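The chain contents come next:
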Amino acid sequence: MRITALAGGVGGARFLRGLLAALRSSADPARRDAQVTVVVNTADDVTLHGLRISPDLDSVMYTLGGGIDEERGWGRDHETSGVADELARYGRTPTWFTLGDKDIATHLVRTQALAQGRTLSQATDELCRRWRPGARLLPMTDDVVETHVDLAPVPEAERSAHDGEAGGRRVHFQEWWVRLHAAVPALRIEPVGAATARPAPGVLQALADADAVVLPPSNPVVSIGSILAVPGIREALAATAAPVVGVSPVVGGAPVRGMADACLSAIGVPTTAAAVAGLYADFLDGWLIAEGDEAPAPGPRPLAVRRRPLLMSDPAATAALAGAALDLAGELTGEVHAA
């Protein structure tokens, strides 16, 4: 069994860990022996202090490899910030993006590999040889894509609440997300470079060869949306023979985690499970939503909707949610898999 997932962020990483747990504990040999490929968002990537940082790739790698900070959901466990503290004393900015001491080693390995002419895919393979995440991790592209955000002007009376931000300028997504906590309204969110990027080696093949494609509850705009912005990926999802099953990142009109509502607002989409499904309407076959949430209206292709508990409150709940996504995929292919 071959499963391909598109993911980014903390929610996506935790869902994937639940997916691997559900597969390992399954009574179905096909599930236990499944090969999982994850196409990871790289539009959050940024260069800081000369280091190339891939936050989503690292979050997925650390989470699946057992090195994540469980409380934060990002960065290394038992981390320290000695280097970042020293950089601040030197007056080097930015200080709002903290580089952990152990995390810096990952960024050094990646940066050195890229400087030697290797691709992001090759650098990711090298890093994964250490972490052994239990899945094949593929960047969405080896080309440079960075999400930028156009900030709305901030009234002077409100600037003190937003770190003195006046708005009316374009910033990297990381500054909007980390420094401003997405509290300053975004007029536009653009994955710069995506339109001319090419899918990384193996991405289109993984979608074409899959027995099931899964969309975890990742941010639909700056995680899944960024992946879909790379030419060829959306088309491959629409063309694959595998069922494409997604998990809503919205419950009761609010994001399960993070600030996806600020991103949806920026593109004029309501924060509802039905509206998010509409962003995927041309390729989505199955959609898991919470009890009480409205199902999407009929779209261009049939959509099977199931209501399940969506909160990933603990490992068992997360594995059950991932198992429900697999069950729906099996139902849509006419296969019955024992959970």
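Please read these numbers as outputs of a predicted model, since none were measured by experiment.

### Let's talk about the overall build of the protein chain
1) Next: Each helix and strand counted, the protein chain has 13 helices and 14 strands in total.
2) Next: Against the 2.2 N^0.38 benchmark of 20 Å for 339 residues, the protein chain shows a C-alpha radius of gyration of 20 Å, consistent with a compact globule.
3) Next: Viewed in the frame of its principal axes, the protein chain has a C-alpha envelope of about 60 × 45 × 40 Å.
4) Next: When each of the 339 residues of the protein chain is scored for burial, the buried share is 52%.
5) Next: For the protein chain, the share of sequence-separated contacts (at least 6 apart) that also reach a separation of at least 24 residues comes to 67%.
6) Next: Approximately 14,600 Å² of the protein chain is accessible, and the part contributed by carbon and sulfur atoms is 52%.
7) Next: Measuring between centres, the 30 positive side-chain charges of the protein chain sit 4 Å from its 40 negative side-chain charges.

### Some details on the packing of helix 5 (residues 101-115) against helix 6 (residues 120-131)
Describing two packed helices takes the angle between their axes plus the distance from one axis to the other.
1) Next: As a packed pair, helix 5 and helix 6 sit with axes 9 Å apart at the nearest point and diverge in direction by 140 degrees. The angle between the axes of helix 5 and helix 6 places the two elements in the oblique class. Here helix 5 and helix 6 pass one another in a crossing that is right-handed. Each of Thr106, Val109, Arg110, Ala113 and Leu114 in helix 5 lies in contact with helix 6, whose residues at this interface are Leu120, Ala123, Glu126 and Leu127.
2) Next: Of the residues assigned to the contact of helix 5 with helix 6, the class counts are six nonpolar, one polar and two charged.

### Thoughts on the confidence of the model for the protein chain
1) Next: In the predicted model, the protein chain carries a mean pLDDT of 95, and the fraction of residues at 70 or more is 98%.
2) Next: For residues 335-339, every residue scores under 50 in pLDDT, and the model assigns this stretch twelve contacts once sequence neighbours within four places are set aside.

### As for unusual backbone geometry
1) Next: For the bond from Thr93 to Pro94, the omega torsion is 0 degrees, close enough to zero to count as cis.
2) Next: As for its placement among the helices and strands, Pro94 is situated in the loop between helix 4 (82-89) and helix 5.
3) Next: Phi at Asp163 takes a positive value of approximately 55 degrees, unusual for a residue other than glycine.
4) Next: Within the element layout of this structure, Asp163 appears in the loop between strand 6 (146-151) and strand 7 (170-172).
5) Next: For Asp163, a relative accessible area of 53% corresponds to the exposed category.
6) Next: The phi angle at Ala182 is positive, at roughly 55 degrees, despite the residue not being glycine.
7) Next: Positionally, Ala182 belongs in the loop between helix 7 (173-179) and strand 8 (186-192).

### Let's talk about the sheet that holds strand 14 (residues 304-307)
1) Next: Strand order across the open sheet formed by seven strands is 5-2-1-9-10-13-14, with parallel pairing between neighbours. Either end of the sheet is taken by a strand with one partner, and the two such strands are strand 5 (136-139) and strand 14. Shown here is a sheet whose adjacent strand axes are inclined to one another by a mean of 20 degrees, direction ignored.
2) Next: Pairing analysis gives four bridges linking strand 13 (residues 286-289) to strand 14, with the strands arranged parallel. Residue pairing for strand 14: Gly286 is matched across the bridge by Ala304.

### Focus on the side chain of Glu175
1) Next: Its location among the elements puts Glu175 in helix 7.
2) Next: Classification of Glu175 by relative accessible area gives buried; the value is 14%.
3) Next: At 2.8 Å, the side chain of Glu175 and the side chain of Arg169 are in polar contact.
4) Next: Those residues in contact with Glu175 that sit more than four places away from it in its chain are Trp96, Glu165, Arg169 and Leu180.

So, how was this worked out
All chains use their own residue numbering, which begins from 1 and follows the written sequence. Only residues with pLDDT of at least 70 get local features here, since the model is predicted, and only at 80 or more are side-chain atom pairs given and counted; chain-wide, interface and lining totals rely on the full set of residues. Values reported for side chains reflect all heavy atoms of the structure, with hydrogen atoms and water molecules removed beforehand. Helical segments are the DSSP runs of H or I of at least four residues, strand segments are the runs of E of at least two, and each set is numbered from the N terminus. Only C-alpha atoms enter the radius of gyration, while the globule expectation follows 2.2 Å times N to the 0.38, with N the number of residues. Exposure categories follow from relative accessible area, calculated using a 1.4 Å probe and restricted to protein chains: below 20% of the type maximum is buried, above 50% is exposed, and the middle band is partly exposed. By definition, residues are in contact when any of their heavy atoms lie within 4.5 Å. Here the open area of atoms and residues is found with the Shrake-Rupley method and a 1.4 Å probe, where only the protein chains shown may cover a residue. By the counting scheme adopted, Arg and Lys are positive, Glu and Asp are negative, and His together with the chain ends is not counted. Lysine's charge is taken at NZ, arginine's at CZ, aspartate's at CG and glutamate's at CD. Each axis is a line fitted through C-alpha atoms, taken for helices only over the stretch in contact, and angles between the N-to-C directions span 0 to 180 degrees. If an angle is under 35 degrees, it is roughly parallel; if it is over 145, roughly antiparallel; if it lies from 65 to 115, roughly perpendicular; otherwise it is oblique. By the definition used in this description, the sense in which the near helix is turned from the far one sets the handedness, with an anticlockwise turn below a right angle giving left-handed and a clockwise turn giving right-handed. In the scheme used here, Gly and all other residues not listed as nonpolar or charged are polar, with Ala, Val, Leu, Ile, Met, Phe, Trp, Tyr, Cys and Pro taken as nonpolar and Asp, Glu, Lys and Arg as charged. Each residue carries a pLDDT score, the predictor's confidence in it, ranging from 0 to 100. Here, any two strands with at least 2 DSSP bridges between them count as paired. Definition of a polar contact: a pair of N or O atoms within 3.5 Å, with one able to donate and the other able to accept a hydrogen when the atoms are protein atoms, and with sequence-neighbouring residues admitted only if both atoms are side-chain atoms.

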